[in-house]
Amino acid sequence: MCGIIGRVGSDNAVPYLLKGLECLEYRGYDSAGIALFSAETIESYKTVGRLSGLREITERATPVGCVGIGHTRWATHGGPSVENAHPHFSHSKRFALVHNGIIENSNELAESELKGIEYNSETDTEKAVHLLEKYYNGNVVETISKVISLLKGSYALGILCKDHPDTLFCTAMSSPLVAAKTADGGFICSDAGALSAYADGYYPIKNGEICVLTKKSIEFYDQFGSSIEKKAVSIDVGTLTSDKQGYDHYMMLEMLQQPDAVRDTVIPMIKNNGINIENIDLTDDYIKNELHEVVIVACGSAYHAGVVGKQLIGSLANIRAQAEIASEFRYTEPLIDKHTLAIFISQSGETADTLAALRLAKQKGAKILSVVNVCGSAIANESDNVIYTKAGREVAVATTKAYSAQLAVLYALAIRLARGKGTMCAETEKRMTYELAALPQKIQQTIDRNIEKAEIYAQRFSKATDIYFIGRRLDYAASLEASLKMKEISYIHSEAYAAGEMKHGTLSLIETGVPVIALASDGEIFGKTYSNICEVMARGADMLVVTTEKNKHLVSEFKNTFIVPDTLPEFTVSLQIVPLQLLSYYTAKKKGCDIDKPKNLAKSVTVE
Ligand code: F6R
């Protein structure tokens, strides 16, 4: 997490740094800071909390300098404080540094290379800046090369050195960082999208590479300090920063964009009444004869999409499938091999745990397929095959449209695998494809029918201290995501339970007035879920039921319902999640929460 930006140019760097940090604030917002050359020294300005605080400080101090670095922090080592805010300085003030990532051997360095050094902060970052000072030999590239040989972990570093007031240095290891050259100078940045207003292309800084940027030149070196050539990559317009288009929050805009996100994702995968996913190496022969098992690995909401994918791949394609949490999977000895298709789902394409899990699966010989929203991200780059979700840039920390687009890809994949395995006839594929193509319109209907109700129900839910979500099979998979949405933005404790599990312990928490949301779209086992609804109602639960048009007569006794259009049972998750996203949004709004930037979270999780 954390976002870093750097600017070299002929005019004042401060507005560029602040604008860049604004685009990067999704990466963390515990503190913000900038440092820039001013006369012979490097000056810094820092604040705890949001960028608006830093803006106020710089408006008052009016700093001016043409070369600078900036940082927006998601706290890992050391709490949010001015001392821990970046940039960090070496004691002589020769070096200033901003860092994204984690220096894993920070404690060991403090006991060995840096023994006796006093620190100004609790951060791991400070170790790197003191190492630069310790090994400085007049040549900054050589010094960086030496320092990165000592650092373990993932990091992107933006560096200023007092002896080179016209130069910006940077390096990266398993952490996103790009450099871009413009007519009058250039930038470094954690996210190419934040540079789209200034540059057409960028250079991704790969492991151990060092970049030296001045007004006139951009140079690259490998980790040993030898000069290298690099090719620029064009900035994808999909990464452009959007605005809120008049809505109070990005989350609302993004929920309303879900029909488009699903449509744009699905349409390229449909051809001749069936699924045709281009540019991926999943042949009928491979699916039929070599593929024995699918493992889906991801974090958070992407994992919840994976739970849906696993059920569909199992039931439609008759392939053994599992969904794994990346942070767990990466520390197991997974029983996978060349007959495993390992699917990694990630909006950002940067999530550290998912990336590490991908590397492990690759090492074990699995075929790698990733489902990613951000083009050119690390997960996409390291995958044998990539299917891009076309959700566009997602700014709100709580994902909505990217999750919906991930589901759409998983539906298509399940159908493709089923055809390859010979478990789905052409007629069924046609029917499912038709229904998949109709999903965007049905998501729109779901929004239109339920948005007002969601706002009304939110009045009650905002007073709750605990909310439970229950469902079975795919309804349970949807409950997991609905519950995460609720807790992450409204700060109300919530849990999702497989409906049949409640009586094995959690039922003891249900008392008069506790809200329980039952997802009961699964017609086949409606009766079973209904029994569980009765069990919680008997203990006084305040019940809200989500079901489909077809099943609505079964829930007519309930006062509070969200009814979603009928679709194939396999696709209902895509509809029932929508009113529950809206409910979370309005509940959080009612409570006055910071919806787009919930406390303690960040959009892209590049640390373990
Ligand atoms: C929750 C949310 C997170 C992400 C998770 C994985 O609303 O957005 O749970 O789903 O951090 O992120 P990506 O998809 O970028 O790998």
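Owing to the predicted nature of the structure, the values given are computational and were not obtained by experimental measurement.

(A) Highlighting the domain arrangement of the protein chain. Each assigned domain of the protein chain is listed here: domain 1 (3-235), domain 2 (237-424) and domain 3 (439-596). The C-alpha-based centres of domain 1 and domain 2 are spaced at 33 Å. Opposite the 11 residues of domain 1 that make contact, domain 2 presents nine residues. Summed over both sides, the interface between domain 1 and domain 2 buries roughly 780 Å², with carbon and sulfur atoms accounting for 43% of that surface. At the boundary of domain 1 with domain 2, the tally comes to two salt bridges.

(B) Main features of the pairing of strand β25 (residues 515-519). Most of β25 is tucked away, with five of its five residues classed as buried. The two faces of β25 match: P515, I517 and L519 on one face and V516 and A518 on the other face are all buried. Bridge analysis of strand β23 (residues 466-471) against β25 gives four bridges, and the strand direction is parallel. Along β25, the bridge assignment pairs F469 with I517. Inspection of the sheet shows β25 paired to strand β26 (residues 542-548) by five bridges, in the parallel sense. Looking across to β26, one finds that I517 is bridged to L544. Crossover β25 to β26 through helix α16 (residues 526-538) is right-handed.

(C) Looking closely at the sheet that holds strand β21 (residues 367-372). Strands sit in the order β19-β18-β20-β21-β22 across an open sheet of five strands; the sheet is parallel. The open sheet has two edge strands, β19 (320-325) and β22 (385-388), and neither has a second partner. Averaged over all pairs of adjacent strands, the angle between their axes in this sheet comes to 20 degrees, without regard to strand direction. Where strand β18 (residues 293-298) meets β19, six bridges bridge the pair, whose relative direction is parallel. Looking at β19, one finds that A298 is bridged to I325. Seen against the sheet, helix α11 (residues 352-363) touches β18, β20 (340-346) and β21 and runs at an angle of roughly 165 degrees to β20.

Conventions and cut-offs
Residues numbered from 1 in each chain as written. Predicted model: local features only at pLDDT ≥ 70, side-chain atom pairs only at ≥ 80, totals over all residues. Heavy atoms only, no water. Domains from an automatic or database assignment. Contact = heavy atoms within 4.5 Å. Buried area = accessible area lost by both parts, 1.4 Å probe. Salt bridge = Lys/Arg side-chain N within 4 Å of Asp/Glu carboxyl O. Buried < 20%, exposed > 50% of the residue type's maximum accessible area, 1.4 Å probe, protein only. Helix = DSSP H or I, 4+ residues; strand = E, 2+ residues; numbered from the N terminus. Pairing = 2+ DSSP bridges. Right-handed = clockwise from strand over helix to strand, strands pointing away. Axes fitted to C-alpha atoms, helices over the stretch in contact; angles between N-to-C directions.

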